[in-house]
Amino acid sequence: MVKMHLRFVICCVLLNIGKSKQSEGENFFLRLVDGDSICSGRVELFYNDTWGTICDDYWDMPDAVVVCRQINCGFAQSARGSSQFGEGLGVIWLDDVECVGSESNLRQCKIRMVGEHNCNHVEDAGVICNPEHPPKPSIYSGKKSGVFIKGEDVKIKCSTLGFYKASMFYLYKDNGPLPLLTKSPASRQFTATFHLANITDGHSGNYSCRYDSDISGKTYRSERSENVDIMLKEYLPAPEIVYSRASNVIIEGQDITLRCQTQEQYEHCRFYLFKDDETNPIDSQMASNTQSFVHFNMTEIGQEDEGGYFCKYVVIVNEKLSFNSSFSDRLNITVQDEVKLRLSNRACEGELEVLYNATWGKVCGRGWRISEVEVVCKHLGCGFGKSAVSTERYGFGTEDVKLNYVHCLGTEKLLWNCLSLSWTENTCFDHFRAHVTCSEQPLKPSITVYRTPSVYMPGENVTLQCAIAPYYTGSQMFLHKVGEKKSLLSMPVPPNQKSVNFTIVDMQSKQTGNYTCSYDIDISETVFKSEPSDPQPITVRDEPPGPTLSVEKDPPNYLPGQEIALQCKAPVYFTVSQYYLYKDTRKSSIMSRSVTDQDIPALFQITAENSNEEGEYMCQYETNSTGKLYNSTLSDPIKISVAADIKLRLADGGRPCSGRIECFVNGTWATICDEDWDLAEAEVACRQLHCGFARSATRSGSFGEGSGPSWAKNLACNGTESYLWVCPYQAVYPHLCPMTNDVGVVCSDQPLEPVINIRRPIGRFSQGENVTIDCKAPAFYRGAMFFLYKTNQQAHLQSRKADDYSNTVAFLLTKISKFHEGSYTCSYQVMRDGRPSTSDSSSQVQISIIDKPPKPKIGFFGSLGQFSIGETALVRCVAPSGYYGVTFVLSKVEISGYITSAIAKTPGHSTILYIKDIRSKAQGDYVCMYQITRSGIVYNSTFSERKSLTVSDELQKPQVTLNRPHGQYLQGQDAELTCSAPKVYSSLTFSLYKAGNPNVIASQGPMSNWSAVLAIRQLESQHQGSYSCVYQTTISGRLYTSAPSDSLNVTLTGEPEGAKMTLTTMFGLYVQGKSIRITCIAPEYYNARSFRLIKDGKDTGRTWTTTQWTKQGAEFSIANITVADSGNYTCTYEAEISDKSFNSSYSNFVAIDVIERVEIRLKNGSHECSGRVEVLSNKTWGTVCDDQWQIEDAQIVCRELACGHAITATSHAYFGQGSGPIILDDMNCQGTELFLWQCASRHWGQHNCNHLEDAGVICSGPKARLSLSPDYDVFVKGDSVTFKCSIQRHNTSKRLEFLRNSVYILHEELNPEDVSATYTIDNIGENDQGYYTCRYSYKMGTQWIKSTASDPVPLILSDSPISRRRNSSGPMNRKRIIGLSAGMIIALVLGLFALNRYRKSGYIWERKGSHFHNLQPLITNQDDQDRTEDIDENSTI
């Protein structure tokens, strides 16, 4: 049976994108451009008479399947993005294409509106189709390692990609030519599972599969899948044993977890843990059915736990059958017993220091939080954590840091049980050190209300939420009103929750005040009371808080004709019914807006005509609460100014309505620079000057040079504005626009002529067709009335008004005849100053009526018309692009006339016609023609040009390939050549010949396959030479032989070819302290036994492990890399062939450059904590692309630069375009990373962006610094003190606030150049005591950004004069002196109390040095609770 080709591509196929809401009559076409074949390339779409591209967002295999199906190119091989076939030109028509894969054309897929996208041509999509083969299947043996035990059952699963149904699956072993097994697919026709039961040594080898797919009665066979190995071993692969949640230093008393994990997941698997010897396991655990690992927990580890740990696992099949694994490598545990903590200043406060390797060092303060302090205080027996501070200390080197980037949950008992980035490698590259302050009381809770500002109407209910730290278990929470002795409310904290809500119902004005909360926690029957929270003010009044009024321009200075857009927004939680706008006074509103959507602010729009619009604007809202209407306070005012002294004129034009444009601004006549100056801008100037319509926009000082400065450039008018200065523009800096670039205009009484277009390039039509003529005015004349004229006729044929948003109309001439022949023009009419004005007539278009449609084009696919006997010829016929829905007829030219060979219908204007199973009689000339039906009448085109088809008795030569890419083999190996014939013949016999030898070397056949593997066994030196193959087949009883294939050389070599070396890293960058995995893959046809890693020509001696996906690969791991690991790496392997060992040549070389750190910076922002993100790579600063750029990514940047928290993640070059390389793309930070380079991303330097997509951040900024003068520790009543708040420089206006106990006191408005403000208290009194902080806010665009508060500074009073000194180290020493005076009293009371009785606290008290360890505060309410117990006489203190 003769096999037939899959129908090839129709290059342009009619396509309607249904989901883009286009009309049914608009035709789309697809084509593939710039590919290696007609079935590969960039996908382009024809729409609106223009070819455009498709963006690769969401572009994947299902989309490629639909494209290949639609253009008759068979099967999808791959979907390509990132303009792999080159960048297209023109528009981008489609974006976000999401097909399922079952659609017949793209219009059935989910897509955006046509023309809507957020891409550039760097992201053009493409496809590669395969007309002959379905995509190769995937194959899986159930185990990544491919290791099995004798007696196991193996299930090999072969699966298509899910887009093409299979009719039959085939399983092959060791690349054999015949299938080992065949199997029909499962019910969904996409998969089949081959069962190998009770496997033995004979089952070892590599397996592959393929499948058949039936389409339109034809069978197409896929390529073979990749190989999977089945290896039989005595034991299952060894597991891996690693630390889980442990640092690289193990300390006495620490809790550690060992993780034992397998490569595979088993249904019933038990793990065993061993120490030092293999006879007796010390622990065992059953793994979950969904996990491939278990955890072995070791608590409070000691010296006796030192040793070598290893594990194994047993897979249980049933009660009688189980399989053992090999033992894992050993993990040696060494316990450090001389590691200690201390605080530098005093027992329970100061910088944290660690004794390690017999020296004291600091702890890195980066990321230092209260949860870490809580653990330190618990570790040292100092009660509870109170504050976490990262102090900046200069004069310390990086070698002083012992512990880096500690991360605690707060529940750990020892600091060693927390995660840390590193002990032995210092990665703390700044001067911040961890500071600890402990307290006898638990950390104060937080209190919040669900309203900002916290203003309520009488009768409303108020809910306050009180929350404790996540590592505390609260027993009872209390709500207090400041100034009242008793708590208002209390309730227990529910189990597993960390907050409670208190609701005060029916609030009245007398309940206005500050509210706090506190809690009790119970530790081993000892109750500890927390500090009260910061106060939360609650205000109850009849007037809601004022709204926020904003305006787009900053400063709000307007020119005549510009639109003033004022937005009024009420605080959330207030339901607004009406907004009001006031000007200068609140006596009566000038505008009001009803509210339909609470989330949308009210917009008040005012046109700035003159100075009447100047003044102060305020707004107010009306809200309903508890059944009553309330009017809010007025918003802060915005002062609007309107420039009245601005005018426009034309100069040096010779007549009133032409000349150089000059604008009177800032007291002088200025010109406009000609950058981007065009007709739209000229039209606005002519309209403003009452000079009619723009005829031309002049540049380059065509009306002479002006004498004044340049005022503006880059005007971007749409042509409909009333004033030129209403258009967006850029101010011109002095000397940047020479006078020779001054712009001008020529105005006219008539609008510009329109553009006329007939929707067929040649203008020739058949009788009965419909003709569409487009008439298009300039873009700024929308909604005009258009007229169509036939030359030499005064009256118009048709008139039509354009839509209000359109500048184009389409005139339709139906069922045309000879009467319609001739020339056509059009014009349009617009209104100007209340009068109609008609444009000049357009140029002419010609309509010609022909008796026959124009002839089509003809060509052969894939050849010059030369075919072998038995082949199928594919002939492409193409009608002119204006003819759709045609029937093509292919005819052979004979002396007697035309003999029809094939007929095909198509909805487009091209198709493929087939001449099947060619014989000699098919030789000759061929033509094609097409038929169209118009108004019920059939029209036949003229015949195409002739194309000659020749038939040869010699079959096409086959293709030949070797199983080695370079034809190089080792002595004793087998050379296999694959000989492939065209897939049009059946019953083939293949033969292999060596050059100079007429005898057949090897042969196969007759066979039904179109290819055969011909082998040369046990190669020796005499086998070297050139080889080719031929095939033979019988057609109509006659034997035909093909021409010989191209020749391939087989040579012997002394060493195996080099491996392929690659390296991977989690972050795509090699930073000191991280790990590198280097992979060395030997060719699959060598039995590689061992591998070596070579650096700079020397063997590194590093150990290797077999890669998971192939036994032919080795993986080398370099942990904690340093700069010394930089160099050029290569690898070799040892292969065994015929019981001989061979060392391979070197693999490719890979350069590894390890850097100490990665620097980032922000550029072009208003201050150092905002701007474009730039990264230093290879000593060059580059940018980050905004693809996937989100607030989590910005958070990491702000954290790394110590710039507070992220406010906004900006995109689209918000801070301007960078100039260097684009280094990072597709960032995917989780928000917990310490550095930007730790986030997942594309590999460094790989991207599909340009600098229009540069990413940026706006951070809240570094917190302010608060100091006081005089800098005393304690003050006396009547003293004076000045607080100074200092911030880093911002080139913008700022507001600086002072707070006492977190409650606002006052603020100062700062100029852009100011960096500090002061607050002075004269005659200090009792009410002035407290903790003072400051913070600042600044304006970024229309948004106010608020920083975090400064570190608190206490103001402490003494009733009597005392000896005092200046503080040398800030607030910490002040606390120290307070602690000394209060501590002496507390110590005396506690000492006496402890001698008689104590509460059991679950801790052992012991004296070490000068302070107690694990001593919990003994503060309890003895009046309310009587839970005392007698002291144990044997207790020691």
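### Focus: the overall build of the protein chain
Part 1 of the argument: Within the protein chain, the secondary structure is distributed over five helices and 112 strands.
Part 2 of the argument: Counting over 1437 residues, the protein chain shows a buried share of 49%.
Part 3 of the argument: A fraction of 67% describes how many contacts in the protein chain between residues 6 or more apart in sequence connect residues 24 or more apart.
Part 4 of the argument: For the protein chain, the computed accessible surface area is about 68,500 Å², with 48% contributed by carbon and sulfur atoms.

### So, helix 2 (residues 370-379)
Within an α-helix, residues lying three or four positions from one another point in the same direction, as the helix has 3.6 residues per turn.
Part 1 of the argument: When you tally the buried positions in helix 2, you get nine out of ten residues, the bulk of the element.
Part 2 of the argument: Among all positions in helix 2, only S371, E372, V373, E374, V375, V376, C377, K378 and H379 are buried.
Part 3 of the argument: Where helix 2 ends, the next residue or the one after it, G381, has phi of about 70°, a positive value.

### Quick word on the nonpolar core
Part 1 of the argument: L890, I915, I918, L949, F990 and L992 are the most contacted members of the largest nonpolar core, which has 52 residues in total.
Part 2 of the argument: Apart from residues lying up to four places away in sequence, I915 is in contact with E871, T872, A873, V875, L890, Y926 and L949.
Part 3 of the argument: Counting residues in each nonpolar core, the second largest holds 32 residues, with I54, L94, F163 and Y220 among its members.

### A closer look at the environment of E1115
Part 1 of the argument: One can find E1115 in strand 91 (residues 1113-1118).
Part 2 of the argument: E1115 has contacts with R1077, I1078, T1079, T1103, W1104, T1105 and T1107, leaving out every residue within four places of it along the chain.

### Some thoughts on the sheet that holds strand 34 (residues 446-449)
Part 1 of the argument: Taken together, the three strands give an open sheet; going across it, the order is 34-36-39, and neighbouring strands pair in antiparallel fashion. The two strands at the open ends of the sheet, each matched to only one other strand, are strand 34 and strand 39 (499-504). Strand-to-strand twist of the sheet, defined as the mean angle between neighbouring strand axes without regard to direction, takes the value 25°.
Part 2 of the argument: Note: strand 36 (residues 462-467) against strand 39, six bridges, orientation antiparallel. Looking at the pairing, V462 lines up with I504 of strand 39.

### Quick notes on the sheet that holds strand 79 (residues 975-980)
Part 1 of the argument: Across the sheet, which stays open at both edges, the three strands sit in the order 77-79-82 with antiparallel pairing between neighbours. In this open sheet, the two edge strands, each paired with only one partner strand, are strand 77 (959-962) and strand 82 (1011-1016). Sheet twist, expressed as the average angle between the axes of neighbouring strands with direction ignored, equals 25°.
Part 2 of the argument: Two elements, strand 79 and strand 82, share six bridges in a ladder whose sense is antiparallel. Residue pairing for strand 82: L977 is matched across the bridge by L1014.

### A look at the packing of aromatic side chains
Part 1 of the argument: In this structure the tally under the stated criterion is 37 aromatic pairs.
Part 2 of the argument: Taken together, a centroid distance of 4.9 Å and an interplanar angle of 80° make the contact between Y1214 and F1215 edge-to-face.
Part 3 of the argument: Since its relative accessible area comes to 10%, F1215 is described here as buried.
Part 4 of the argument: Among the aromatic side chains, those forming a connected cluster through ring pairs are F384, Y471, Y472, Y519 and F528.
Part 5 of the argument: The side chain of R342 reaches across the aromatic face of W360, ending 3.9 Å from its centre.
Part 6 of the argument: Across the ring face of Y1086, the terminal group of R964 is positioned such that the distance to the ring centre comes to 4.8 Å.

### Quick look at the side chain of K583
Part 1 of the argument: The residue K583 is located in strand 46 (residues 576-583) in this model.
Part 2 of the argument: Within the structure, the side chain of K583 is placed 3.1 Å from the side chain of D584, a separation counted as a polar contact.
Part 3 of the argument: In terms of polar contacts, K583 uses its side chain to reach the backbone carbonyl oxygen of N612, at 3.5 Å.
Part 4 of the argument: Sequence-distant contacts of K583, that is, excluding residues within four places in its chain, are made with I590, N612, E613, E614, G615, E616 and Y617.

### Topic: helix 1 (residues 61-70)
Part 1 of the argument: The element helix 1 is extensively covered by neighbouring structure, given that nine of its ten residues are classed as buried.
Part 2 of the argument: Looking at helix 1, one finds that the buried residues are M61, P62, D63, A64, V65, V66, V67, C68 and Q70.
Part 3 of the argument: Backbone geometry just downstream of helix 1 places N72 in the positive-phi region, at approximately 55°.

### So, the state of the cysteines
Chemically, a disulfide is nothing more than a covalent bond linking the sulfur atoms of two cysteines.
Part 1 of the argument: Evaluation of the coordinates by the stated rule reveals 22 disulfides.
Part 2 of the argument: The disulfide that involves C158 links it to C209, with 2.0 Å between the sulfurs. Note on the C158 and C209 pair: the S-S dihedral is about 85°, so by sign convention the disulfide is right-handed. With a gap of 51 residues between them, C158 in strand 10 (residues 154-159) and C209 in strand 14 (residues 205-215) connect regions that are remote in the sequence. Per residue, the accessibility class of C158 equals that of C209, and both read buried.
Part 3 of the argument: In this model, C1080 is linked to C1131 through a disulfide, with the two sulfur atoms separated by 2.0 Å. Because the torsion about its S-S bond is 80°, the bridge between C1080 and C1131 counts as right-handed. One end of the pair, C1080, is in strand 87 (residues 1076-1081); the other, C1131, is in strand 92 (residues 1127-1137), and 51 residues separate them in sequence. Residues C1080 and C1131 agree in their burial class; the two are buried.

### Quick notes on unusual backbone geometry
Part 1 of the argument: Residues T452 and P453 are joined by a peptide bond in cis, for which omega reads -5°.
Part 2 of the argument: Note on placement: P453 falls in the loop between strand 34 and strand 35 (455-456).
Part 3 of the argument: The linkage connecting G1005 with the following residue, P1006, adopts the cis geometry, with an omega of 0°.
Part 4 of the argument: In this fold, P1006 is placed in strand 81 (residues 997-1007).
Part 5 of the argument: Positive phi outside glycine occurs at E300, with the angle close to 45°.
Part 6 of the argument: Examined against the element boundaries, E300 turns out to sit in the loop between strand 22 (293-298) and strand 23 (307-316).

### Focus: the environment of I903
Part 1 of the argument: Summarising the element assignment, I903 is placed in strand 72 (residues 897-906).
Part 2 of the argument: In sequence terms I903 and S891 are twelve residues apart; their C-alpha atoms lie 9.0 Å from each other.
Part 3 of the argument: Apart from the residues lying within four places of it in its own chain, the contact partners of I903 are T887, F888, V889 and L913.

### Some thoughts on the confidence of the model for the protein chain
Part 1 of the argument: For the protein chain, mean pLDDT is 83; residues scoring 70 or higher make up 89% of the total.
Part 2 of the argument: Low confidence marks residues 1-27, where pLDDT is under 50. Its contacts with residues over four positions away, or in another chain, come to 110 contacts.
Part 3 of the argument: A low-confidence stretch, residues 1368-1437 stays under pLDDT 50, and its non-local contacts, those more than four residues away or across chains, total 113 contacts.

### Notes on the environment of P856
Part 1 of the argument: Its location among the elements puts P856 in the loop between strand 67 (845-850) and strand 68 (857-860).
Part 2 of the argument: Overall, P856 belongs to the buried group, its relative accessible area being 4%.
Part 3 of the argument: Beyond its immediate sequence surroundings of up to four residues, P856 is in contact with V878, A879, F888, C928, M929, Y930, S941, T942, F943 and S944.

### Comments concerning the side chain of T623
Part 1 of the argument: Position of T623 among the secondary structure elements: in strand 49 (residues 615-625).
Part 2 of the argument: A distance of 2.7 Å separates the side chain of T623 from the backbone oxygen of T575, its partner in a polar contact.
Part 3 of the argument: Sequence-distant contacts of T623, that is, excluding residues within four places in its chain, are made with P544, F574, T575, K628, L629 and Y630.

Conventions adopted
Residues numbered from 1 in each chain as written. Predicted model: local features only at pLDDT ≥ 70, side-chain atom pairs only at ≥ 80, totals over all residues. Heavy atoms only, no water. Helix = DSSP H or I, 4+ residues; strand = E, 2+ residues; numbered from the N terminus. Buried < 20%, exposed > 50% of the residue type's maximum accessible area, 1.4 Å probe, protein only. Contact = heavy atoms within 4.5 Å. Areas by Shrake-Rupley, 256 points an atom, 1.4 Å probe, with all protein chains shown as cover. Core = buried A, V, L, I, M, F, W, Y, C linked by side-chain atoms within 4.5 Å. Pairing = 2+ DSSP bridges. Axes fitted to C-alpha atoms, helices over the stretch in contact; angles between N-to-C directions. Phe/Tyr/Trp six-rings, centres within 6.5 Å; stacked < 30°, edge-to-face > 60°. Lys NZ or Arg CZ within 6 Å of the ring centre and 35° of its normal. Polar contact = N/O pair within 3.5 Å; in protein donor to acceptor, adjacent residues only side chain to side chain. Disulfide = S-S within 2.5 Å. pLDDT = per-residue confidence, 0-100.

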